[in-house]
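# Descriptive analysis of the structure
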Amino acid sequence: MSVTAATIIPTNVEKVPLHHWRPGARLLSVGSRDGADFAGDASSDARSFRRDVTGDLLVAAQRRAGTDGLLACWSASLHEPAGMALLRTHRQGALVVATPGIGDSALLDALLPEVDAWLLLTLAQPGPLAARILEQGRHVEVLMGLDEGANIPDLEWSRASAVHLVARRPAEADLLDDWCDAAREKFPAGTWIYDHHHPHTDCQGCGERLIWRHSGRSRRDEAQVDGRCGKCGAVVPLG
């Protein structure tokens, strides 16, 4: 079975978004034109130009771009067994998967021991594999799509390394401020939450700026390599 992708492009982890996993790292993103989506619609690239992807191409592209691994970002990566097999075999470094938790449970079984980080997309009603990914994934950050009511699913949020709040539909972005305020109150205390107004990582102990971010770029300020705040010593959960 041939493997195709609409995009093969270097991506900063801050744009994935992953805020607590290897700040400053870059991944070779392979998948759909618009990346993973909340619906897990494998047909979303039907009218997009796609090119064949080979192992030699992946190895050469990673070497040329100097990336730290591969990011699987098909609309429904867990419906892409051939693509995932290719990435697993030819990654040069880490393997990261973006998925709405929709797809093949047997493929998930194979991936859980190997994937270094997950971006789990979810709505108020999560995908059928979302709970397993959050509970068993090595490092999981959640992209939460909000709509009216700002409801969040009943998941094991203590396992989420970070939560990123966005509007489910881009056309509703002007309502996101109110939705984010409402959603923040529903997460357990201590959850690391990011939105369009809060891209930086600040210490939950003393409030010091740990990591600064802007437009996909990042800079370590008080975040130390040992995973602590340089001012107060509080633990910072950075993968």
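Now for a description of the structure that goes with this document.

So, how was this worked out
- Residues numbered from 1 in each chain as written.
- Predicted model: local features only at pLDDT ≥ 70, side-chain atom pairs only at ≥ 80, totals over all residues.
- Heavy atoms only, no water.
- 1 Å grid on protein atoms, 1.4 Å probe; cavity = no way out; pocket = protein on both sides within 12 Å on 5 of 7 lines; lining within 4 Å.
- Points joined across faces, edges and corners; volume = space filled by probe spheres on them.
- Helix = DSSP H or I, 4+ residues; strand = E, 2+ residues; numbered from the N terminus.
- Nonpolar A, V, L, I, M, F, W, Y, C, P; charged D, E, K, R; others polar.
- Core = buried A, V, L, I, M, F, W, Y, C linked by side-chain atoms within 4.5 Å.
- Buried < 20%, exposed > 50% of the residue type's maximum accessible area, 1.4 Å probe, protein only.
- Contact = heavy atoms within 4.5 Å.
- Right-handed = clockwise from strand over helix to strand, strands pointing away.
- Pairing = 2+ DSSP bridges.
- Axes fitted to C-alpha atoms, helices over the stretch in contact; angles between N-to-C directions.

Our next topic: the layout of surface pockets. Taking a probe equal in size to a water molecule and rolling it over the atoms shows the remaining empty space. In this structure, the largest pocket encloses a volume near 480 Å³. If you trace the largest pocket, you find 26 residues lining it, with Val16, Asp34, Gly35, Ala36 and Leu143 closest to the centre. Contributions of two or more residues to the lining of the largest pocket are made by strand E2 (7–12), strand E5 (69–73), strand E7 (117–122) and strand E9 (162–167). For the lining of the largest pocket, the element with the highest residue contribution is E2, accounting for three residues. For the lining of the largest pocket, the per-class residue count stands at 16 nonpolar, five polar and five charged.

Before going further, it helps to spend a moment on unusual backbone geometry. Cis geometry marks the peptide bond from Val16 to Pro17; its omega dihedral reads 5 degrees. Structurally, Pro17 is set in the loop between E2 and strand E3 (26–31). Here the phi dihedral of Ala150 falls at roughly 50 degrees; this positive angle occurs in a residue that is not glycine. Note that Ala150 resides in the loop between strand E8 (140–146) and E9.

Bringing the nonpolar core into the picture now. Counting 45 residues, the largest nonpolar core has Trp118, Trp157, Val163 and Leu165 as the members making the most contacts within it. Apart from residues no more than four positions distant in its own chain, Trp157 is found in contact with Thr122, Leu134, Val142, Met144, Ile152, Val163, Phe187 and Pro188. By size, the runner-up hydrophobic cluster in this structure holds 18 residues, among which are Trp21, Phe38, Ala94 and Ala117.

Regular strands have side chains that alternate between both faces of the sheet. Within E9, five of the six residues are buried, which leaves the element mostly enclosed by the surrounding structure. What joins E9 to strand E10 (residues 193–194) is helix H5 (residues 176–184), and the crossover it makes is right-handed.

This paragraph deals with the sheet that holds strand E13 (residues 217–220). The strand order across the open sheet built from three strands is E11-E12-E13, with neighbouring strands paired in antiparallel fashion. The two strands at the open ends of the sheet, each matched to only one other strand, are strand E11 (201–202) and E13. Where strand E12 (residues 209–214) meets E13, four bridges bridge the pair, whose relative direction is antiparallel. Bridge pairing links Arg213 to Ser218 in E13.

Across a sheet, paired strands are connected by hydrogen bonds in the backbone, their directions being either parallel or antiparallel. Read across the sheet, eight strands follow the order E2-E3-E5-E6-E7-E8-E9-E10 without closing on themselves; strand pairing throughout is mixed. Whereas interior strands pair on both sides, the edge strands pair on one side only; in this sheet they are E2 and E10. Looking at chain direction, E3 and E5 are connected through four bridges and run parallel. Each bridged residue has a counterpart across the sheet, and for Gly31 the counterpart in E5 is Cys73. Against the sheet, helix H1 (residues 55–65) touches E2, E3 and E5, its axis set at about 150 degrees to E3. Across the sheet, H5 is in contact with E8, E9 and E10; its angle to E9 comes to roughly 145 degrees.

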